[in-house]
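Below are the chains, spelled out letter by letter.
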Amino acid sequence: MLEISHIDIYYGELQALWDISLTIGEGEIVTLVGSNGAGKSTIMKAISGLLKPKSGSINYDGICLDRLPAHRIVELGISMVPEGRRLFTQMSVLENLEVGASRKTTKEVKHNTIGWIYQLFPILMERAGQRAGTLSGGEQQMLTIGRALMSQPKLLLLDEISLGLSPLMVQEISRVIRDINKSMGLTIFLVEQDVYMALSMAERGYVMENGRIQYQGDAKALLASEQIKKAYLGIGPTEKRAK
Amino acid sequence: MGIVIQAAAYGIVVGAVYGLIALGLSLLTGVMKFLNIAHGSLVILGGYISFWLFKLWGIDTYLSIPLVIIAMFLVGLVLYKLALSPLLKLPNIGMRIDTSMLITFGLVYILDNAMTILWTPNARSVVTSYTGESLGFLGAKFSVTGLLGLGVAILTAVALYFLLSRTYFGKHVRAISQDAEAASLCGINVHRTYLISCGIAIALAGVAGVIIISCYSITPNSGLSWLLISFVVMVLAGEGNIKAILPAGFIMGLLESVSALAVGAPYREVVALIMFILVLMFRPQGLFTKRG
């Protein structure tokens, strides 16, 4: 569905990504994990059109995304939940959702979509008239996901959705996301610092370090591998622990 | 007492014009982060277009407003395409504000001199059948042109408010003014929204120009003095507070006309600028904004 091949990305003179390749298949949950500053969000920005790769290409269902502006990429069916939520805090919850459906075809069915999102996150219906800035952190995260779903995407990019949320809230949100993936076949690409949560949700995973992809493979296998445990989960080799 | 009411009658019309100019200005600064120094010159250009429509085809000033709006909207589109859209490539918003100031400052000279060539440096005004007529109210005389201008300004401001609060376009504009990048991730075509907002802002300047030429007179370089006080009105209303701009304009207009009575007309702008400094010192968020 989405294929990134050999992209390099620069911020001005500074190279942030080296030769990144990854694929996301239809209906999959794929995750990209790594420490702060590894370049995870940079990949997200490249897919959603906020940054343009200097070399390499990004293909989505046979369409090259490299030269398209961000709003065209949304029209093609890729929607992103940006890091740090980025809600329109001065606007109401309902207005935030409405702005999410900017495409003509999604605008026509927006009432149905809003109804569906209220089912996923009932609290948003209660808060519909409230300004988005007055919501709690978890509610804001739900609203950002709802806003991203308003464009009826085929591929949903989630950037650091666990950041600053209570473990209970993270559980609740990841349950909803898994549900959407199962019931509607929505493809999910999840970028996370919370390695355990991400790898246990996903089917496949990529691990990034310093702008390069270091490991990739089955999520369960990655979760079980010694390097990942040691570097990200704070668990030493099992033999040592046994002693 | 009569003389104060008379001054107020004058001030409220002037204030309406300030309000209209400030509406366009704050649309440009709020949404696109462009500071348009040429806005005053564009107001005057709108006045001259109305002047020509009257002189050449005998179209009444207030009836010429739709035509002026269309013409100035197109001017706004050209302005955006030629001068302002290249600034969007600048890496940060601070640079965008600075550079737009420099560019539009240059534009002031181009526009003012072009208008001098086209319409001579003489003061121009439009004299219609109802110019000079007035209605008595509370012992003061309200000129018909002033009342019409006031009505047009209020209608225009209300229309803009509804456009921004009720329509999809308005929601896009507000979303972009808060976070342009997040807006583009929602599928909003940011450049097209900028383009149309710029057209609307310049069309508002045109409407202000029509009121000015019908109530007062214009010269090619009178734009900057209108602009200066409109900037104060914009700050008075507070950032992004569209609802408060016309009322802030009225306050400024009344303050100006009453202070002209108290300390003399030459000090009008001094009073406006003292007001500006006081607002910045004590209520930098604006008079009508609650949150800091």
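Predicted, not measured: the structure shown is a model, and the values here were computed from it.

1. Some details on the pairing of strand E9 (residues 204-209) of chain A
All names here are of chain A. Two elements, strand E3 (residues 29-34) and E9, share five bridges in a ladder whose sense is parallel. When the sheet's bridge partners are listed, Leu32 is paired in E9 with Tyr206. Note: E9 against strand E10 (residues 212-218), six bridges, orientation antiparallel. Bridge pairing in E10 places Val207 opposite Tyr215. Between E9 and E10, which follow one another and run antiparallel, lie two residues, and Asn210 among them has a positive phi close to 45°.

2. Remarks on helix H2 (residues 39-57) of chain B
Structurally, the α-helix is built with 3.6 residues per turn, so residues lying three or four positions apart point the same way. For H2 of chain B, built from 19 residues, the straight-helix expectation of 27 Å at 1.5 Å per residue is met to within 8% by its first-to-last C-alpha distance of 27 Å. Within H2 of chain B, 14 of the 19 residues are buried, which leaves it mostly tucked inside the rest of the structure.

3. Considerations on empty space enclosed by the protein
Throughout the structure, instances matching the rule amount to one cavity of 30 Å³ or more. Estimates place the volume of the largest cavity at around 50 Å³. In terms of lining residues, the largest cavity is bounded by Ser79, Met80, Pro82, Gly100, Thr144, Arg147, Ala148 and Ser151 of chain A together with Leu185 and Cys186 of chain B. When contributions to the lining of the largest cavity are tallied by element, the ones reaching two or more residues are strand E6 (78-81) and helix H7 (137-149) of chain A. Looking at the lining of the largest cavity element by element, the count peaks at three residues for H7 of chain A. When grouped by side-chain class, the residues that make up the lining of the largest cavity number five nonpolar, four polar and one charged.

4. Points about the sheet that holds E10 of chain A
Residues and elements named next belong to chain A. As summarised here, the arrangement of the six strands in space is E6-E7-E8-E3-E9-E10, forming an open sheet in which the pairing is mixed. Whereas interior strands pair on both sides, the edge strands pair on one side only; in this sheet they are E6 and E10. Ignoring strand direction, the axes of neighbouring strands in this sheet form an average angle of 15°. Pairing between E6 and strand E7 (residues 155-159): four bridges, direction parallel. Following the sheet pairing, Ile78 is matched in E7 by Leu155. Strands E6 and E7 of the sheet are contacted by H7, whose axis makes an angle of about 170° with E6.

5. A short note on the pairing of strand E1 (residues 2-11) of chain A
Within a regular strand, the side chains alternate between the two sheet faces. All names here are of chain A. Where E1 and strand E2 (residues 14-24) come together, seven bridges link them in antiparallel fashion. Bridge pairing links Ile4 to Leu22 in E2. Counted between consecutive antiparallel strands, the loop separating E1 from E2 contains two residues, among which Gly12 sits at a positive phi close to 65°. Note: E1 against strand E4 (residues 55-60), five bridges, orientation antiparallel. Directly across from Ile4, in E4, lies its bridge partner Ile58.

6. Considering unusual backbone geometry
Residues and elements named next belong to chain A. Phi is positive for Asp19, close to 45°, though the residue is something other than glycine. Mapped onto the elements of the fold, Asp19 is located in strand E2. Even without a glycine there, the phi angle at Glu160 is positive, about 50°. Within the fold, Glu160 resides in the loop between E7 and helix H8 (167-184).

7. Quick word on the packing of aromatic side chains
All told, the structure shown has eight aromatic pairs over all chains when counted by the stated rule. For the pair Trp52 of chain B and Trp119 of chain B, a centre-to-centre distance of 5.0 Å together with 65° between the ring planes defines the contact as edge-to-face. You can see Trp52 of chain B sitting in helix H2 and its partner Trp119 of chain B sitting in helix H4 (residues 93-119), a full 67 residues away along the chain. One aromatic cluster is present, formed by Tyr10, Tyr18, Tyr216 and Trp226 of chain B through successive ring pairs. Geometry around Tyr168 of chain B places Lys107 of chain A over its ring, the cationic atom sitting 4.4 Å from the centre.

8. A few points about the environment of Ser174 of chain A
Residue and element names in this part refer to chain A. Within the secondary structure, Ser174 is located in helix H8. With a relative accessible area of 7%, Ser174 lands in the buried category. For the pair Ser174 and Met201, spaced 27 residues apart in sequence, the C-alpha separation works out to 7.6 Å. Setting aside residues up to four positions removed in sequence, Ser174 forms contacts with Met197 and Met201. Within polar-contact distance, the side chain of Ser174 engages the backbone oxygen of Val170 at 2.8 Å.

9. Some remarks on H8 of chain A
Over its 18 residues, H8 of chain A runs 26 Å from end to end, which matches the ideal 26 Å to within 8%, given 1.5 Å per residue. Two residues or fewer after H8 of chain A comes Gly185 of chain A, characterised by a positive phi angle close to 70°.

10. Notes on the layout of surface pockets
Within this model, the largest pocket holds a volume of roughly 1,500 Å³. As for the largest pocket, its lining consists of 43 residues, of which Gly238, Glu239, Gly240, Asn241 and Ile242 of chain B are closest to the centre. When residues of the lining of the largest pocket are traced back to their parent elements, those giving at least two are helix H1 (2-32), H4, helix H5 (144-166), helix H6 (168-178), helix H9 (223-237) and helix H10 (242-263) of chain B. The dominant element in the lining of the largest pocket, judged by the number of residues it contributes, is H1 of chain B, at five residues. Of the residues that constitute the lining of the largest pocket, the class distribution is 20 nonpolar, 15 polar and eight charged. By volume, the second largest pocket is sized at about 1,100 Å³. Lining the second largest pocket are 31 residues, with Leu50 of chain A together with Leu88, Arg96, Glu181 and His191 of chain B sitting closest to its centre.

Reading guide: rules and limits
Residues numbered from 1 in each chain as written. Chains lettered and ligands numbered in written order. Predicted model: local features only at pLDDT ≥ 70, side-chain atom pairs only at ≥ 80, totals over all residues. Heavy atoms only, no water. Pairing = 2+ DSSP bridges. Helix = DSSP H or I, 4+ residues; strand = E, 2+ residues; numbered from the N terminus. Expected span 1.5 Å × (residues − 1). Buried < 20%, exposed > 50% of the residue type's maximum accessible area, 1.4 Å probe, protein only. 1 Å grid on protein atoms, 1.4 Å probe; cavity = no way out; pocket = protein on both sides within 12 Å on 5 of 7 lines; lining within 4 Å. Points joined across faces, edges and corners; volume = space filled by probe spheres on them. Nonpolar A, V, L, I, M, F, W, Y, C, P; charged D, E, K, R; others polar. Axes fitted to C-alpha atoms, helices over the stretch in contact; angles between N-to-C directions. Contact = heavy atoms within 4.5 Å. Phe/Tyr/Trp six-rings, centres within 6.5 Å; stacked < 30°, edge-to-face > 60°. Lys NZ or Arg CZ within 6 Å of the ring centre and 35° of its normal. Polar contact = N/O pair within 3.5 Å; in protein donor to acceptor, adjacent residues only side chain to side chain.

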